[in-house]
Amino acid sequence: MLYDIRQTTRYRYAAPVPFARQVLRLLPVARAGQRVIAADLVITPAPTERHDGLDFFGNRITTVAFAFPHEALTLETRARVAVEAGPPLDANATPAFEQIRDQAVADTDLGPTSPVHFLFASRAIAIDEAIGAYAAASFPPGRPILAAAFDLTRRIKADFAYDPTATDVTTLPGDAFAKRAGVCQDFAHVMIAGLRTLGLPAAYVSGFLRTLPPPGQPRLEGADATHAWVAVWCGRDIGWVGLDPTNGVQVAEDHVVLAVGRDYSDAAPVDGVIVTSGDHELDVEVDVVAVA
Amino acid sequence: MTRKQTNRRSREAADRAERLIANYRPLPGVADEFIGPDGAIRPHWMRFVETMADLGPAEVQHRFALADRHLADSGVVFRVYGEENGDERPWPLSHVPFLIEPKEWARLEAGLIQRARLLDAILGDAYGEGWLAADGALPAAIIAGSPEYLRPLVGARPVGGHHLRFYAVDVGRGPDGRWWVVSDRSQAPSGAGYALENRIALSRALPDIFRSFNVERLAGFFQDFRAGLNALNRHEETRVALLTPGPLNETYFEHAYLARYLGFVLVEGEDLTVRDDTVYMRTISGLKRADVLLRRLDADFADPLELNPASRLGVPGLAGAVRQRNVAIANALGAGLVEARAMLGFLPGLARRVLGEDLILPNVATWWCGQTLERDHVVAEFDRMVIAPALGGSVPGLLDRGAMLGSAITPGHKAELIRALGRRGADFVGQEAVKLSTTPTWRGTGDEARLEPRPSILRLYVARGRDGWTVMPGGFCRISDQPDARAVTLHQGGASADVWVLSDEPVAETTLLPSPDKVALQRVTSTLPSRAAENLFWLGRYVERTEAALRLVRAIAGRHVDAEHDGAAVVERLDAALAEAGSVDDDEHATPSARALAILTDRGAFNTAPRLAEASRRAASVIRDRLSPDAWRCVADLEALMQQPLEGETDSDILERANAALRLIAAFSGLVHENMVRQHGWRFLETGRRIERGLAIARAVRYCGMSGRPGELDALLELADSHITYRIRYVMLPARVPVVDLVLLDSRNPRALAFQAERIRQLLLELPAHAPAGLLGPADRLATRLAAETGTADAAALGIDHILGFERDLMRISDEIALAYFTHRRPAEPAEGTA
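The structure displayed is predicted, hence computed values, not measured ones. (Residues numbered from 1 in each chain as written. Chains lettered and ligands numbered in written order. Predicted model: local features only at pLDDT ≥ 70, side-chain atom pairs only at ≥ 80, totals over all residues.)

J.: So what exactly am I meant to see when it comes to helix α15 (residues 411-424) of chain B here?
T.: Quick reminder: α-helices carry 3.6 residues per turn. Residues three or four places apart thus point the same way. Residues and elements named next belong to chain B. Between the first and last C-alpha of α15 there are 19 Å, a value that for 14 residues agrees with the 20 Å anticipated at 1.5 Å per step. Listing the buried residues of α15 in full gives Leu 417, Ala 420, Leu 421 and Arg 424. When α15 is viewed along its axis, its buried side chains cluster within an angular range of 110° and face the same direction. Opposite its buried face, α15 presents the exposed residues Pro 411, Gly 412 and Ala 415, each directed more than 90 degrees away. At its buried positions, α15 is contacted by α14 (372-380), β14 (385-389) and β16 (428-432). (Helix = DSSP H or I, 4+ residues; strand = E, 2+ residues; numbered from the N terminus. Expected span 1.5 Å × (residues − 1). Buried ≥ 20, exposed ≤ 12 C-beta atoms within 10 Å, placed from the backbone. Arc of directions from axis to C-beta. Contact = placed C-beta atoms within 7 Å.)

J.: Would you take a moment to explain the interface of chain A and chain B for this structure?
T.: How big an interface is tends to be expressed through the accessible area that disappears when the partners come together. On the side of chain B, 26 residues touch chain A, which itself brings 24 residues to the contact. Of all the secondary-structure elements, those providing two or more residues to the side of chain A that touches chain B are β2 (19-27) and β14 (270-275) of chain A. The element contributing the most residues to the side of chain A that touches chain B is β14 of chain A, with 3 residues. Looking at the side of chain A that touches chain B residue by residue, the class counts come to 11 nonpolar, 7 polar and 6 charged. (Nonpolar A, V, L, I, M, F, W, Y, C, P; charged D, E, K, R; others polar.)

J.: Mind showing me how you'd approach the sheet that holds strand β10 (residues 286-289) of chain B here?
T.: Neighbouring strands of a sheet are bound in pairs by backbone hydrogen bonds; such pairs are parallel or else antiparallel. All names here are of chain B. Taken together, 3 strands build an open sheet; the order of strands is β8-β9-β10 and the sheet is antiparallel. The open sheet is flanked by β8 (272-275) and β10, the only strands paired with a single partner. For this sheet the average axis-to-axis angle between neighbouring strands, irrespective of direction, equals 40°. Two elements, β8 and strand β9 (residues 278-283), share 4 bridges in a ladder whose sense is antiparallel. (Pairing = 2+ DSSP bridges. Axes fitted to C-alpha atoms, helices over the stretch in contact; angles between N-to-C directions.)

J.: Can you walk me through the domain arrangement of chain B in this structure?
T.: When its domains are assigned, chain B resolves into domain 1 (1-364 + 434-504), domain 2 (365-432), domain 3 (532-676) and domain 4 (677-825). Each of domain 1 of chain B and domain 4 of chain B was reduced to a C-alpha centroid, and the two centroids are 50 Å apart. (Domains from an automatic or database assignment.)

J.: Sorry if this is basic, but what is going on with the sheet that holds strand β11 (residues 292-295) of chain B here?
T.: Residue and element names in this part refer to chain B. Spatially, the 4 strands line up as an open sheet ordered β7-β6-β11-β12, and their pairing is parallel. The strands lining the two open edges of the sheet, one partner per strand, are β7 (265-267) and β12 (328-330). Within the sheet, the average angular offset between the axes of one strand and its neighbour, ignoring direction, is 30°. The pairing of strand β6 (residues 241-243) with β7 spans 3 bridges and is parallel. Its bridge partner being in β7, Ala 241 is matched across the sheet by Val 265. Here helix α10 (residues 252-262) sits on the sheet and contacts β6 and β7; the angle it forms with β7, its principal contact strand, is near 150°.

J.: Just to check I follow, could you spell out the nonpolar core for this structure?
T.: Soluble globular proteins: nonpolar side chains tend toward being buried together. Residues Met 191, Val 230 and Val 232 of chain A together with Ile 143, Ala 241 and Leu 460 of chain B are the most contacted members of the largest nonpolar core, which totals 226 residues. Every residue in contact with Ala 241 of chain B, bar those within four places of it in the chain, is listed here: Phe 264, Val 265, Val 267, Met 281, Ala 290 and Leu 293 of chain B. Grouped together as the second largest cluster of nonpolar side chains are 99 residues, Ala 613, Trp 632, Leu 713 and Ala 720 of chain B included. (Core = buried A, V, L, I, M, F, W, Y, C linked by C-beta atoms within 7 Å.)

J.: Before we go on, may I ask you to explain the domain arrangement of chain A in this structure?
T.: All names here are of chain A. When its domains are assigned, chain A resolves into domain 1 (2-83 + 269-290) and domain 2 (91-265). When each unit is reduced to the centre of its C-alpha atoms, the spacing between domain 1 and domain 2 is 24 Å. Contact residues are listed per partner, giving 19 residues for domain 1 and 16 residues for domain 2. Elements that contribute at least two residues to the side of domain 1 that touches domain 2 include exactly β1 (2-17), β6 (70-83) and β15 (280-290). Residues that form the side of domain 1 that touches domain 2 fall into these classes: 12 nonpolar, 3 polar and 4 charged.

J.: Where do I start with the packing of helix α3 (residues 57-73) of chain B against helix α7 (residues 192-205) of chain B in this structure?
T.: Residue and element names in this part refer to chain B. Relative orientation of the contacting elements α3 and α7 amounts to 145°, with a least axis distance of 8 Å. Considering the relative orientation of α3 and α7, their crossing is right-handed. Contact with α3, carried on its side by Arg 63, Phe 64, Leu 66, Ala 67, His 70 and Leu 71, involves Glu 197, Ile 200, Ala 201, Leu 202, Arg 204 and Ala 205 of α7 and no other residues of that element. Here the residues of the contact of α3 with α7 sort into 8 nonpolar, 1 polar and 3 charged. (Left-handed = near helix turned anticlockwise from the far one by under 90°.)

Have a look at this one:
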C-alpha cells in the first residue's frame, strides 16, 4: 500500500516566545515492512539552528532552536511511504510467553531493536501490579505469546472507553487504567505496562492510521489523527509484532510508523524547552491518503 | 620539673589510658579496628590512646571543642534533602580519626585504582561497541535496565577519553578482616569536601599528634585532579565550572566549598546555555565558552531537551554538545550506570575479561535474579540475604526504600517479593549481608571518658589526574550511632571521622609537585556568571535595606526612652517613613511602637527586618563560594538573630535587638570592605548597597527634612549617622538647610545621597561596558546625571519633587543594571514592592 501523508502542526503562543529549543520526531524512516520514498519537513518561521539526525531507537529527529521572538510555529510534514504487511502469522504457533520472558532478559544485543530496552519501567510507564493482574488473565501458563497478547489487545478495546476528555498527554497508565478510559496513547501505555509487569518486552509506536472509508463514500480529508499502538517482541525468530489496542487489531497495512520508543516520551512528535510566560494553542491536522 | 613529678604524671597518663580502654569490647562476630584478631590492641592505635591520655582530660576537651568550633565557624553543614527552610544541620565530627597502616593502605590503593580502570572500561564499552554484552560477559539487560543508561549519549566519546574522572567507593572491613567493596559511586560522588573539612578541623585541633603520626596529606590529590581537568580546558575563556543543582541540594555546602578550594566557578544550569552544540557561560561580559564541567548534578537532570524533560536544573542541548565533543563533563553523562548493584555480581569475571587481572578488592557477594540459577539461590536463601534493587535506588511498591534484610521482611511482603522475582527477577539482587567492622569512638568527658566501638564504613576517592589515576590518601568515615547498626548513613543520625593514612616516613608539609596550572600569577579573575553578579547585587541591597529598617526602628524606640526630645511629632514622622519602608498591617499595629516592634520581629509581612535578613542569607547562600566564611557567618548570624523571639517588648528590648543586629551588619560591611578583592563581584555588591542607601536617605529626608522642626532634623541626623560631623561643623541646633546639605548633597559624607551617586557612577565605569562605540550605557548615563545633580544642587531650593526624582533615578539605574548584566535572570528571592 502506498500512502501520501501530510501532517500540519500549528502552535500559536499567547505571548511572543523569545527563545525555544525543540526536538521534532515528524519524519518517518524505513523499517521492516515500510519504505520511505520521500519525506520532508518544512518549519515556519525558519529556525536559527536545525540539525537532522537519528536518535537511539533509529527515529529521525530534527533538533531546532529559535533565538528570536516568535508568536507562532508551523511544522509541515509531507511524505510518501510504502507499507507492506509481512506473511500472516499463526498466533497459536508462536513460542510460549514464559519462553519469551526468559529469552528477552538473556538477550545479548544492545542495539536499538533488542528486547532488553523494552523490559523495564520507563519514564512514563511504571511497573504496575494492578495492570499486571489485569493483563495476567490473558496469560495462562504456556499460552503462545502472540495469542495471549492479541487477546489482551482485544480486551482493552472491549473494556476501555475511547474518551478524549478522560485523560491528557501527561496521564499515567495507572490513572487511565483506573478510569478504563482514554485515547490511543493511554491504551498503548496500559497494554505496555501490563506486558512489562509480566516480564515481557513491549514498545510504544507512534504513527499514522488510515481510516478505511465506508463503502461507496469518499474518505474524509483531515479526519485522521496521529495514532499510537504497541509492538510486542515474539522471540528472536519472529521479532516485533504490532498490536493496536485502540482498534483491537493486529497491525497490517493500515498503519504507518513514525517513531518507536519505550513510551510516549521517547516518541513524542514535538518535545522541547521554550521560554515563555504565556499559554499556547495547538492544532494538528493529518491526512493519510492511499494512492495505490 | 622534678623526676618525681614526671613519674607521677606519666603514671597518671598511663592510668588514664588504661581507663579509656578498660571497657572496650569488640562486638561478637565483627572485626574491630582497635583490637586485632589475636585479641591484642594494634600498636598504632595504642600509641594514639597514649598520646591522647598524655594530653589530660581538660586539654582533650579543649582540643575537641576547637575542632567543633572550626567546623561551625566554616559553616560546614549538610542539608536534609528537599527542605527549603533552614534544616541545615551542623556536621557531627567523631574526634577519633580512623587509622590505616601503610601496608594495608597500599593494597587498598591498588584495589581502588584497578576498580576505577575496570569501571571506566565498562562504561566505555556500554556507551560504545557493546562487546561485553555481545559476548555474554555482562548481561545486556543490566545495562539497558539501568535508569542511568542514557541512550542519547550512546556513541558519544568523552573529551579526554574517560567516562570516569572522579569516583568513590564505599568499603568496609568484613568479619574476616579483609576489606570489601560495599558500593560504587560514579554518578557525582559526594563527601570529598567534607573529608577536607574534617581534616582541617582535626589537624588544627591536634597539630602535634597529627605531625607525630606521619599522616599523608590530601592537597596533592586535589591538585592532581584539578590539573587533569584544567588540561581539558582548551579555550580558557572561562575557568572549569562546577555544575551544582543549587542551594537546596543536601550537599550544596560541599559544592561551594570545593569550587572555592579548587578554583572553579560554581554554576547552576541557568548560568550555561548551548548555542550550535557549544556550551557557553552567561557572564557579565557576555557569553564565554565553557569547555569543562565538574558535574554534581545527576545526569538525568542535566538536559531537559534530551533527558528528563521535567528538569528545571539542567542545560537544554547539553547532551548534543557532548556528542559533538565540544564539552568535557566529569563524570560523563551516564557514568552512573556502573553504580547498579547487579554489576557487582559480574565484576570478578569482567576484571579477568577486560584487564586480565583478578579483582584485588572483593565486593559483596551479589546474585542477579535476572538469571534462573541465581534467582533460585536467592529464593532458597531469602532469610539470610539482603534483598535489594538491582538497577536503581528502589523498586516501587516492593522495595520503596531500597535494600532490606531478608530476615526483616514480613511474610506477606516476602510472598509478594517472591512472586515478583518469578516475573521480573531482573529488577532484584540478593546480596550477602555484611557486618562492618567497628572503630573506636570517644564517649564521655574527664574521668568518665571511654573509647567504645561503633560500626563504620569508609568512603575512599579515586580521581583522574594529569597522568593517570590517583587515590586520595584519606577519606570520609561514617560512623553509626547505634552499636549494632548495619547500614550507616548520615540521615539516620551518625557522625563522620577523619581518615588518617599513616606513613612509615615523615610526610612533607606541602605537596612535592608544583602544579603546572598554579604557576602563572593572576590578578584578575575574569568569569563572573550573571547569576552570581545578580545575587551579589541583591545581597548588597538586602543587607542595606535591613540596615535602613533597623535604623528607623532604633530611632523610634530611642525617642521614647529619651524624654529630652519632643517625642510624639517626630515619632509620627519616623513612623510614616517606616510605613513606607516596611509593610505591616496598619490596623493591627496601631501605635508607632507596635509597628516598630512588628518591623523588628514579624516574619510574616514583607520587608520586615527578619524577612530582609532571610532574603540576604538566601542571596548569600547562592554565592557562598564568593564570600569569605566570616562574611557568610555574619549574614547567617544576622538571620538567626532576627529569628529569635525578643525577651520583652519594651523599648529597651527593641533597642538592644536593633543594636545587636546593626553591629552584625557593621561587621559584614567591614569584612566586605577590608577583605573582598576589588573585582566585579565586589562592584555589584557595592553598587547594590549604594543604591539602597541612597533610597533610604532620600526617603528619610522627605519625612524628616522638610519641615525644619529641630526634633525631626535631629532624627534625620541620627538616621544618617551624621550627628558628630554636624556638631563639629555647625555649633548650633540643627537647622534645615545645613542638615539637608550634609545628609543629601555633601559628596564627602559617606551617608549622603551625593556620595552614593558618585560611587555608583565610578563603580559602573569599571564594569565591562555593554554600550557600543565607547558611548555611556543607560545606567552610566543615569548615574552620571544623578551625581552631577546631587553634587551641584542647592539644599535651600530642594523640594519633595526633586528628591522623588532622585529616588526614581536610583531605581532606574537598578533596572538598567539588571537589563545589561543579568538579563533573563531572577534574583534568588524576588523583591516585593520596590525596585
